[in-house]
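Listed below, chain by chain, are the residues.
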Amino acid sequence: MTRVSSTYLPARRVAGVIRLVVGIGLAVTIGIQIGDRVANDAFDPWEYFSYFTIETSLMNIVVLVVGGMLALRLTRDTPLFTTVRMATLSYAIVTGLVYNLLLRGIPREGFQGLSWPNEIVHVWVPIVLVLDWLLTPGRPALPWRSLWVVPIYPVAWAVYTFIRAALSGGVIYPYPFLDPATGGWGSVIAYVIGLTAFLVGLGALAVLWSRMRVRKNSGPREVVA
């Protein structure tokens, strides 16, 4: 018969509260950013909600809030939730890396808006999600086949982005590295393939960590759902 560690449930509860606080805080941050744009007559919903960062931030809100409730109610996250969490974790890491390595410091056209929401979504939320994955107990080991989930959203988003750009006459691209006018279609294709492969690689690291943690914690202290 398996037993639950005496420190296991308190750790889950702490993690649950943190997830809820960060998820609600992220939702408030997005709301403030939208409000700032609306107040300055600079809010275009089609443009705003077409950014990879915004769409994945909305995913992160759901994952954090749902994950918080699961952590407060259950001793172990479900495999389905953990698979989605693994995918959104990889998106958050890439969002942070792309922004800080490729986009930070590039002058933005049009409305500038508040700067601190960008730091929240591109720096602090990815850090919290990584620490949550590394440290929070109660995550089941994921099978390697779960990696097929990772590229679904990025590929769909890229297709949507190019269709949207075509409908705009090749004018609207959310990021410079996706604009063929910047470095040609060869560069664009290389970025799309490279980033997708990198996302899957990050997902693979997350899966490996989940399997290592379960193997490390197996034995009389293991929690079985």
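Since we're looking at a predicted model, the values are computed, not measured.

Caption draft 1: Looking closely at the side chain of Arg19. With respect to the element layout, Arg19 can be found in helix H1 (residues 8-39). Apart from residues lying up to four places away in sequence, Arg19 is in contact with Arg12, Leu64, Gly67, Gly68, Ala71, Asp77, Phe81, Arg85, Asp132 and Thr136.

Caption draft 2: Quick peek at a nonpolar patch on the surface. There is a patch of nonpolar side chains on the surface, built from Ile24, Val28, Ile32, Leu114 and Trp116 and spanning about 420 Å² of accessible area. In terms of residues, the nonpolar patch owes the most to one element, H1, which gives three residues. Structurally, Leu114 can be placed in the loop between helix H4 (79-103) and helix H5 (116-135).

Caption draft 3: Looking closely at the packing of aromatic side chains. Under the counting rule described, the total for this entry stands at nine aromatic pairs. Judged by centre distance (5.5 Å) and plane angle (50°), the ring pair of Tyr91 and Tyr153 falls under tilted. Of this pair, Tyr91 sits in helix H4 while Tyr153 sits in helix H6 (residues 152-167), and the two are 62 residues apart along the sequence. On the basis of relative accessible area, Tyr153 is assigned to the buried category, the value being 15%. A connected cluster of aromatic rings, assembled from ring pairs, spans Phe52, Tyr91, Tyr153 and Trp157. Arg139 extends its terminal NZ or CZ atom over the ring of Trp133, reaching a point 4.5 Å from the ring centre. Across from the ring centre of Trp46, 5.0 Å away, lies the NZ or CZ of Arg164, which sits over that ring.

Caption draft 4: Molecular detail of the environment of Pro154. Along the polypeptide, Pro154 turns up in helix H6. Sequence separation of Pro154 and Thr196 is 42 residues, and the distance between their C-alpha atoms is 7.0 Å. The contact partners of Pro154, leaving out residues within four places of it in the chain, are Phe52, Tyr91 and Leu199.

Caption draft 5: View of unusual backbone geometry. In this model, Asp41 sits at a positive phi of 55°, which is unusual for a non-glycine residue. Mapped onto the secondary structure, Asp41 falls in the loop between H1 and helix H2 (45-48). In this structure Asp41 comes out as exposed when scored by relative accessible area, which is 74%.

Caption draft 6: Spatial organisation of the confidence of the model for the protein. Residues at a pLDDT of 70 or more form 88% of the protein, whose mean pLDDT is 87. No element of the protein has a lower mean pLDDT than helix H7 (residues 180-217), at 87, and none a higher one than helix H3 (residues 52-73), at 96. Counted against residues more than four places away or in other chains, residues 1-6, with its pLDDT under 50, gives nine contacts. pLDDT under 50 marks residues 219-225. Its contacts with residues more than four places away, or in other chains, come to 14 contacts.

Conventions and cut-offs
Along each chain, residue indices are assigned from 1 in the same order as the chain's sequence is written. Given that this is a predicted model, residues contribute local features only at a pLDDT of at least 70 and side-chain atom pairs are listed and counted only at 80 or more, while totals for whole chains, interfaces and linings are drawn from all residues. By convention in this description, side-chain values take in all heavy atoms of the structure and omit both hydrogens and water. Runs of E in the DSSP output that reach at least two residues are strands. Runs of H or I that reach at least four are helices, and both are numbered from the N terminus. Pairs of residues are marked as contacts when any of their non-hydrogen atoms sit within 4.5 Å. Any residue with relative accessible area above 30% and no salt bridge may belong to a patch, with like charges joined within 9 Å and the nonpolar Val, Leu, Ile, Met, Phe, Trp and Tyr side chains within 5 Å. The protein chains shown are the only cover counted for residues, whose accessible areas, like all others here, come from Shrake-Rupley with a 1.4 Å probe. A pairing counts as a salt bridge when a side-chain nitrogen of Lys or Arg comes within 4 Å of a carboxyl oxygen of Asp or Glu. Side-chain rings of Phe, Tyr and Trp (the six-membered ring for Trp) are treated as a pair once their centres are within 6.5 Å; stacked means planes under 30 degrees apart, edge-to-face means over 60, and tilted covers the remaining angles. The classification of residues rests on relative accessible area computed with a 1.4 Å probe and restricted to protein chains. Under 20% of the type maximum is buried, over 50% is exposed, and intermediate values are partly exposed. Any Lys NZ or Arg CZ that is within 6 Å of a ring centre and within 35 degrees of that ring's normal is treated as a charge sitting over the ring. Scored from 0 to 100, pLDDT reflects the predictor's confidence in each residue.

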